[in-house]
Number of protein chains: 4
Amino acid sequence: MDSQQKQKWKHKIHEVIYEADTPSGKLFDIILLVLIIFSIILVMLESIASIDEEYHQLLYVGEWVVTILFSVEYILRIISVKKPLKYVFSFFGIVDFLSTIPMYLSFVFVGSQALVTLRALRLLRVFRILKLARYLGASNHLKASLIASRVKIMVFLFAVMITSVIFGTIMYLVEGEANGFDNIPKSIYWCVVTLTTVGFGDIAPQTALGQLITTFIMILGYGIIAVPTGIVSAEYIRSGKQSDDEKKSLESNNYDQENDPTQHVTIHLNSQHCSNCHVSNHRDNADFCYNCGNQLHL
Amino acid sequence: MDSQQKQKWKHKIHEVIYEADTPSGKLFDIILLVLIIFSIILVMLESIASIDEEYHQLLYVGEWVVTILFSVEYILRIISVKKPLKYVFSFFGIVDFLSTIPMYLSFVFVGSQALVTLRALRLLRVFRILKLARYLGASNHLKASLIASRVKIMVFLFAVMITSVIFGTIMYLVEGEANGFDNIPKSIYWCVVTLTTVGFGDIAPQTALGQLITTFIMILGYGIIAVPTGIVSAEYIRSGKQSDDEKKSLESNNYDQENDPTQHVTIHLNSQHCSNCHVSNHRDNADFCYNCGNQLHL
Amino acid sequence: MDSQQKQKWKHKIHEVIYEADTPSGKLFDIILLVLIIFSIILVMLESIASIDEEYHQLLYVGEWVVTILFSVEYILRIISVKKPLKYVFSFFGIVDFLSTIPMYLSFVFVGSQALVTLRALRLLRVFRILKLARYLGASNHLKASLIASRVKIMVFLFAVMITSVIFGTIMYLVEGEANGFDNIPKSIYWCVVTLTTVGFGDIAPQTALGQLITTFIMILGYGIIAVPTGIVSAEYIRSGKQSDDEKKSLESNNYDQENDPTQHVTIHLNSQHCSNCHVSNHRDNADFCYNCGNQLHL
Amino acid sequence: MDSQQKQKWKHKIHEVIYEADTPSGKLFDIILLVLIIFSIILVMLESIASIDEEYHQLLYVGEWVVTILFSVEYILRIISVKKPLKYVFSFFGIVDFLSTIPMYLSFVFVGSQALVTLRALRLLRVFRILKLARYLGASNHLKASLIASRVKIMVFLFAVMITSVIFGTIMYLVEGEANGFDNIPKSIYWCVVTLTTVGFGDIAPQTALGQLITTFIMILGYGIIAVPTGIVSAEYIRSGKQSDDEKKSLESNNYDQENDPTQHVTIHLNSQHCSNCHVSNHRDNADFCYNCGNQLHL
């Protein structure tokens, strides 16, 4: 049947594009990565005046070739999934769209093609190939610790914000336009530059009072830098210790594992995506999606 | 009775202004926040010459409207509490005063209206609305750890100070006025800029000897930066571990909780302020202030 | 007897100068601190051309008054101890000498009086008054942890040194004199400026290759900065935990303390210095120096 | 026999050059270090125009003397080992080669002699003399912890890279060539300079929008700096704790150590290198290489 063959084709495409465990899927991902990096380099070279002058035609053609390939891939991605809208509005769906559109927009807005470096975000797919997803996804510790320290980080950012606004204004009053502190927003920008210890030096206090206040701001920034570092360190150590504890308790339970109701079983996951609901990380021996019950094509 | 009605009005105002749990109190706080942010943006825009030229009248009127609203709020705050002086000299009382006064002072001192960005400090009230007070206030760990590391931090600041004075003087002697090290205070300012790794570059050593000493100062600063970070990390981890321990001991006590003399009970606190002594974080079911015994108006 | 009276005088002077527990000793220390800060401010003001022009005579006289007072104090310190040489070659003995000598040297070498800011080191005496010595001196943990991490810190400094030498040379070859990398030592100085994230910007790479290498150096520096921070954090936490453990074991021993052979007793120390061997931190009820057996004058 | 005598000479040379435990070996290493530092200083001095002008001949001769000595040493190293190729392609073999070749190359390429500062890498041999190898080599904790955090560090570097590419492009579009953001690679370089808080200031945003984005980048960089610090701290603490635990369990096992099957024995290692397979850290009482069975010459 024609419809069935079409369905089969869709499955084939889905497997190649969305999965990284089959040889063809792996090959596809690697080609994709090479293309992404190649196209980013093209855009970079184009932005260098001397190179662009000489090789403009070549770079332009190369850029369009990649864009057309990406457009075809984008259309295939939409076709091969059962719920295209879900893909289109997913994180990678939006990234994929933003990676192709700037070239087409360059007919209308000159210079917009530089935005194709947004393709860099597509590089995040590398995690899927390198099977790093397991390292990242599995570490619920990290996620939990980030949620736990969310409030502290918010408070910290709030402190930086208020400090910058107040000292920015004071420095604007003390130094004034004559010394580069043209207006309050610029003063606040300078204050963040100082608090974060970046210190460009494009604006710098010239008056003695301004330098005194700056000294105070810098020592404050010195102290503030310790806070997020301390939080992250603490959370890392804590989450690490928990997993240590779990490992220990696992080891000590080794002898009575058979009677243990919360038995630990190693489950092998693969990178297969459900063609219906896009959930990934299915068990290797799964026949149906654990999320929506759609049949998986192994 | 007239006096009783007046009293009732005062209670009503107190509830709206000082509490964030009632719908009207919440609404009031949100309006306040919007007004604060709005007025800070006004001042910022006013400081930008090109914008000020075109919209001066509009910004001026907007600023006065906010100032008058804040003045009314300030007066209402004083009226609605039993001990006005306690409010006036409290942290927020002073902040509220400093937030309104610069506009009035601008009749006398030109430019003082820029100080209305001190209103940024009023944004600290946001914690009350977001119920963050609970997170912050309840964490006596943080407070305790800060007190514990107080001496260490003092010693650290002292070390930075003495190092800056000595190396500042040495650099003044080595580099001299010709290379921007005009005087010792400026040299000390440069030394703090270097020690904190800010490095504006407005002043930089030019002689070989000066650059050698600078190399030493920078590596020293690199080492010093580790100290406050280490202290904060250590205190965070320790305080976190204590609360973990408490949680653990709590869990292990679950079965004999009824016989536990130091039973842990979850207490729900609200943001209500006592109209007499300004203490907040009362229990939800409290009828009287736990601090002064004044009747609370639920 | 005359000799006995002289001895008594020496004791009296010793008590006032070297001890901070008696009222007269405390007063002496506070006057000393005020004088030190006063004299540092004098030197700073003198270095500011506009101020020096107007008040030169005043500053000059003030500086000499302080210097003479310090000279007298230095002589009294030598007289009042039994082993003057031990004091003269102790840390504070050298600091005290270096604090007075620059003024006298200024007759010979113009400008050397700026070195009197070495008096800042005398401020370290503040720890004695604030009784911080106990916090610092008693914490053998800190000392032990520093010794423990000594090798790691040496390795770290070594790594910074070798990295700077190699990348400094490479940048000298890549950028050359035309772009401010005049010679290898200056290049190495620039490399340390970059590795420590200070980044003055007085020298900055101009060529594309130079900027690429710089990117690499900066990310390296970013990684290196983590190392001393990590070491210090780890040592702080470890030493803190040890003291926690000790406290815990102390608490758990509370009930059988009477039978404990290593009983913990709280000992009150004072800031008294032995006039013979300069050891301080004697017990409050001590009559003789625990180090040399010399009689202490309470 | 001649061949046997030759063999004996080779052993003697091997002992002097490769080992640091015999007096002659130690002396050789110290002379080597002095020569390395001396030659690096020579190159530095040569790069300073004013010094080179006056002492060019002297520096040139000195440099050649060191180079010839190093060449002889390199040849002796090759002769005295049984498997020369293994040495030639080992880390130090390559370093030793790169340390001598630039001088010879300077006949062909002018300026290449500056690369002799690669000799700085030879300074890593200092660890052998100072017996630090034991501290570093023995600490498998550090190695294990680095391997454990390898994935995290890769993810971190990846995040820095993608962030720099995207924000670099955005800043190129926002600021443009007029403000120093000449092309995308330069913009990315600037972005890394900002993210790492180095902040040279040779390029700095001039437009209001550019400064707003920069503020965001800086706060991001502030947060990112916490990640590697946190990772390293956590790993240091964990590895430290493990060794603490081991020490504790060792102590608690003290009484039944004779029955302990996993008995801890202190083994004394020396710096002797096997002349066949180059493995070092043999036991003091070893007669044969633990790796290849080659007889060791004590």
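Here the residue index of a chain counts from 1 through its sequence in written order. All chains are assigned letters beginning with A, and all ligands numbers beginning with 1, in the order in which they are written. It should be noted that, the model being predicted, local features are given only for residues of pLDDT at least 70 and side-chain atom pairs only at 80 or more, the latter also being counted only at that level, while totals for whole chains, interfaces and linings use all residues. For the side-chain quantities, the full set of heavy atoms in the structure was used; hydrogens and water were omitted.

Participant: Where do I start with the overall build of chain A in this structure?
Facilitator: Under the DSSP-based scheme used, a helix requires at least four consecutive residues in state H or I and a strand at least two consecutive residues in state E, with every element numbered from the N terminus. Across its full length, chain A holds 11 helices and zero strands. When burial is assessed residue by residue, chain A has 48% of its 298 residues classed as buried. Here the open area of atoms and residues is found with the Shrake-Rupley method and a 1.4 Å probe, where only the protein chains shown may cover a residue. Entry remark: accessible area of chain A is about 15400 Å², with carbon and sulfur atoms responsible for 66%. Each residue is placed in one exposure class: buried if its accessible area under a 1.4 Å probe, protein chains only, is under 20% of its type's maximum, exposed if it is over 50%, and partly exposed if it falls in between.

Participant: Quick question: what am I supposed to make of the UniProt feature "transmembrane region" (unreviewed entry) in chain A here?
Facilitator: Residue and element names in this part refer to chain A. Per the UniProt record, "transmembrane region" (unreviewed entry) is annotated on residues 27–45, 57–76, 88–110, 153–175, 187–204 and 216–237. Along residues 57–76 one finds 100% helix and 0% strand; the C-alpha atoms at either end are 29 Å apart. Taken end to end, residues 88–110 is 70% helix and 0% strand, and its first and last C-alpha atoms sit 26 Å apart. UniProt positions are given in the numbering used here, feature names are shortened, and annotations may be inferred rather than shown by experiment.

Participant: Before we go on, may I ask you to explain the packing of aromatic side chains in this structure?
Facilitator: To describe a pair of aromatic rings, you give the distance between the ring centres and the angle between the ring planes. To pair, rings of Phe, Tyr and Trp, with the six-membered ring standing in for Trp, must have centres within 6.5 Å; the planes then decide the type, stacked if under 30 degrees apart, edge-to-face if over 60, and tilted in the middle. Applying the stated criterion across every chain yields a total of 28 aromatic pairs over all chains. Geometrically, the ring pair formed by D:F167 and D:F216 is tilted, given 5.8 Å between the ring centres and 45° between the ring planes. Placement of the pair is D:F167 in helix α9 (residues 150–175) and D:F216 in helix α11 (residues 208–252), with a sequence separation of 49 residues. Residue D:F216 is classed as partly exposed on the basis of its relative accessible area, which comes to 48%. Between D:F181 and D:W190, the ring centres sit 5.1 Å apart and the planes meet at 70°, which makes this aromatic pair edge-to-face. A single burial state applies to D:F181 and to D:W190, both of which are buried. An aromatic cluster is built from A:Y74, A:Y87 and A:F97, whose rings are joined through pairwise contacts.

Participant: I would appreciate a short explanation of helix α10 (residues 184–195) of chain D in the present structure.
Facilitator: Every α-helical turn comprises 3.6 residues, leaving residues that sit three or four positions apart pointing alike. All names here are of chain D. Under the 1.5 Å per step criterion, the end-to-end length of α10 is 16 Å for 12 residues, consistent within 8% with the ideal 16 Å. Burial of α10 is extensive: 11 of the 12 residues sit out of reach of the surface. Looking only at α10, the buried set comprises I184, K186, S187, I188, Y189, W190, C191, V192, V193, T194 and L195. Following α10 by one or two positions, T197 has its phi on the positive side, about 60°. Multiplying 1.5 Å by the residue count of a helix minus one yields the expected span of that helix.

Participant: Where do I start with the packing of helix α2 (residues 23–47) of chain D against helix α3 (residues 49–80) of chain D in this structure?
Facilitator: Packed helix pairs are characterised by how far apart their axes lie and by the angle those axes make with each other. Residues and elements named next belong to chain D. Here an angle of 0 to 180 degrees is reported between the N-to-C directions of two axes, which are lines fitted to C-alpha atoms, with helices fitted over the stretch in contact. In contact at an axis separation of 8 Å, α2 and α3 are set at 150° when each is read in the N-to-C sense. Regarding α2 and α3, the two cross each other, and that crossing is left-handed. Residue-level inspection shows F28, L32, L35, I36, F38, S39, L42, V43, L45, E46 and S47 of α2 in contact with α3, the latter providing A49, I51, D52, H56, L59, G62, E63, V66, L69, F70, E73 and R77. In this classification, Asp, Glu, Lys and Arg are treated as charged, Ala, Val, Leu, Ile, Met, Phe, Trp, Tyr, Cys and Pro as nonpolar, and every other residue, Gly included, as polar. For the contact of α2 with α3, a count of residues per class yields 14 nonpolar, four polar and five charged. By convention, the crossing between two helices is left-handed when the near helix turns anticlockwise from the far helix through less than a right angle, and right-handed when the turn is clockwise. Contacts are residue-level and defined by heavy atoms, with any inter-residue pair within 4.5 Å sufficient.

Participant: Help me understand the environment of C:L76, please; the structure alone is not making it clear to me.
Facilitator: Residue and element names in this part refer to chain C. Counting through the fold element by element, L76 comes out in helix α3 (residues 49–80). Taking the C-alpha atoms as reference points, L76 and K6, separated by 70 residues in sequence, lie 13 Å from one another. In contact with L76, other than residues within four places in its own chain, are I13 and I17.

Participant: Honestly, the pattern of salt bridges in this entry has me stumped. Any pointers?
Facilitator: All names here are of chain B. Whenever a carboxyl oxygen of Asp or Glu lies within 4 Å of a side-chain nitrogen of Lys or Arg, that contact is scored as a salt bridge. Applying the stated criterion across every chain, the model contains 12 salt bridges over all chains. Taking the shortest distance from any N to any O, the salt bridge between D96 and R77 comes out at 3.7 Å. Here the residue D96 occupies a position in helix α5 (residues 91–105), and R77 occupies one in helix α3 (residues 49–80), the gap between them amounting to 19 residues. With a shortest N-O distance of 3.1 Å, D182 and K186 are connected by a salt bridge.

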